[in-house]
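Chain residues, written in single-letter form:
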Amino acid sequence: MAGSQQQPTTVPPYTDPILAARLEAIKQLAGGSSDRVAVLDRDFNVIYANESAWSEDAPRRSSHQAKCYEAFAHRSDPCGTCPATKIYDSPDVQSVACSSGGDGTACGMRQAFPLVSSSGEVETVLVLFKAPLIPGKQTSGGRVEPKSESKLGELIGSSAPMREVLDMVRLVADSSATVLIQGESGTGKELVAKTIHQTSYRRDKPFVVVDCGSLPETLLESELFGHVKGAFTGAHATKRGLFEEADGGTIFLDEIADTTPIFQAKLLRVLQEGEIKPVGGNQPIKIDARVISATNKDLSELVKAKRFRQDLYYRLAVLPLYLPPLRERKEDIPLLADHFAAKSCRRHHQPIRHVSEAAMQALSQAVWPGNVRELQHYIERAVVTTTGPTLACNDLLASGSVALDEDLRSATRGVVTQAERARIVDALKKTGGNRLRAAKLLKISRASLYNKLRSYHIQ
């Protein structure tokens, strides 16, 4: 990685309380991990690197302090242009991933994430490195390609963006630090939160889901923190809050951006003090619940617009995680479609049905504004409303979808046209160009065959 040759800053950036919390969380996560993880400052000094990140011949001056290009690229001088510099140049960048093509970076960086201080400045970066080469599958160039997992719990995906999400989920699972999941509606934010919980040591404790956007402020406060008898009209008995119900486990605060400034101030106190105070009560209650929040809005923009508390944002986003939309991971559609088809068949007590090749091509070419949720519902409708051993293009169109119908029809027409043209060419080859025999083989009339030959420009 390229870096400035300036001297290290005199005040380490991890003295900032937010950065200190993030660094401590990263240490807990990466300490015993075989994944290679490091944190670098603006001058590309190694603030922290787990044991897996260091090679035997890497310099370990002053308890592993070194320049990144010395420690990981084995160079005495800075590298050339480094993708991680984009994080400092453009503070709105949520992450930078290295291209898998070519030789990549000299240090082996796979992805870098900004770590923002309490002042809102990007002061350090979290770097995930590619796995060291191990015996396994080799590419045509002779390089060894490490095996990649495509499933973690109910999370499925083999695309580069989803492999990064799965890696981050594994990395953050056993930490107690807060996680902020950002992504469009329908991308699976609650599923990611549930997977983090089920992968962690808290898996045997409660996983409590709260939809912050569906409750008014007064009711939300009572639901989360509880209330004592007589605290307000209708409070006929003392009630435990959801934070207490989630004690020892995980509480998932969905649509956190839709909360009011007053509630945000109270939630900030809970995160700072680790205790809640029921509505109408005077005695605080200590709680141990891992907080995961999610939103489909850009919280950093809401902070700039003063519609969300900046201090709460940094408390929630100790470990930020971005979930990509389906249009950025289209290669995952075949995996997801088959998974949803099998799941829907089991749910509706049908024999397992698979998506046909032509239908799969149509699904992969379609635009999914509702993301994974829309794909799942579309497949389930097709399973319920059609019959047969497979799900074909006509089955998908018959299931109907106002948002997707025209888009999928267009994609389906293209796939069907390609398939039909290929069958005609194959029939002509088998009959030596005899059109009458080819029409009989295709089970269509000779006039229909001639029309299709003209339409598809087949000589």
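Reading guide: rules and limits
Residues numbered from 1 in each chain as written. Predicted model: local features only at pLDDT ≥ 70, side-chain atom pairs only at ≥ 80, totals over all residues. Heavy atoms only, no water. Buried < 20%, exposed > 50% of the residue type's maximum accessible area, 1.4 Å probe, protein only. Helix = DSSP H or I, 4+ residues; strand = E, 2+ residues; numbered from the N terminus. Contact = heavy atoms within 4.5 Å. Core = buried A, V, L, I, M, F, W, Y, C linked by side-chain atoms within 4.5 Å. Phe/Tyr/Trp six-rings, centres within 6.5 Å; stacked < 30°, edge-to-face > 60°.

Caption draft 1: Expanded view of helix α7 (residues 217-225). What α7 keeps buried is the set Leu-220, Glu-221, Ser-222, Leu-224 and Phe-225. Where α7 is buried, its residues meet β11 (207-211), β12 (226-227), α8 (242-245), β14 (250-254), α9 (261-273) and β15 (275-276). Once α7 ends, the next one or two residues include Gly-226, with phi positive near 80°.

Caption draft 2: Examining the nonpolar core more closely. The biggest cluster of nonpolar side chains holds 59 residues, and the ones touching the most others in it are Leu-40, Phe-72, Leu-224, Phe-243, Ile-251, Leu-253 and Phe-308. The biggest single contributor to this core is α9, with 5 residues. Among the nonpolar cores identified, the runner-up in size contains 35 residues, and Leu-23, Phe-113, Leu-126 and Leu-155 belong to it.

Caption draft 3: Representation of the side chain of Glu-244 within the structure. Following the sequence through the fold, Glu-244 ends up in helix α8. In contact with Glu-244, not counting residues within four places along its chain, are Ile-276, Ile-285 and Ile-287.

Caption draft 4: Examining the packing of aromatic side chains more closely. Applying the stated criterion across every chain, the model contains 5 aromatic pairs. When the ring of Phe-225 is compared with that of Phe-263, the centres are 6.1 Å apart and the planes differ by 15°; the resulting orientation is stacked. Of this pair, Phe-225 sits in helix α7 while Phe-263 sits in helix α9, and the two are 38 residues apart along the sequence. With relative accessibility at 3%, the residue Phe-225 sits in the buried group. Judged by relative accessible area, which is 2%, Phe-263 ranks as buried. Residues Tyr-313 and Tyr-314 carry aromatic rings whose centres are separated by 5.1 Å and whose planes lie at 55° to one another, so their mutual orientation is tilted. On the basis of relative accessibility, which here comes to 15%, the residue Tyr-313 falls in the buried class. Residue class for Tyr-314 comes out buried when judged on its relative accessible area of 7%.

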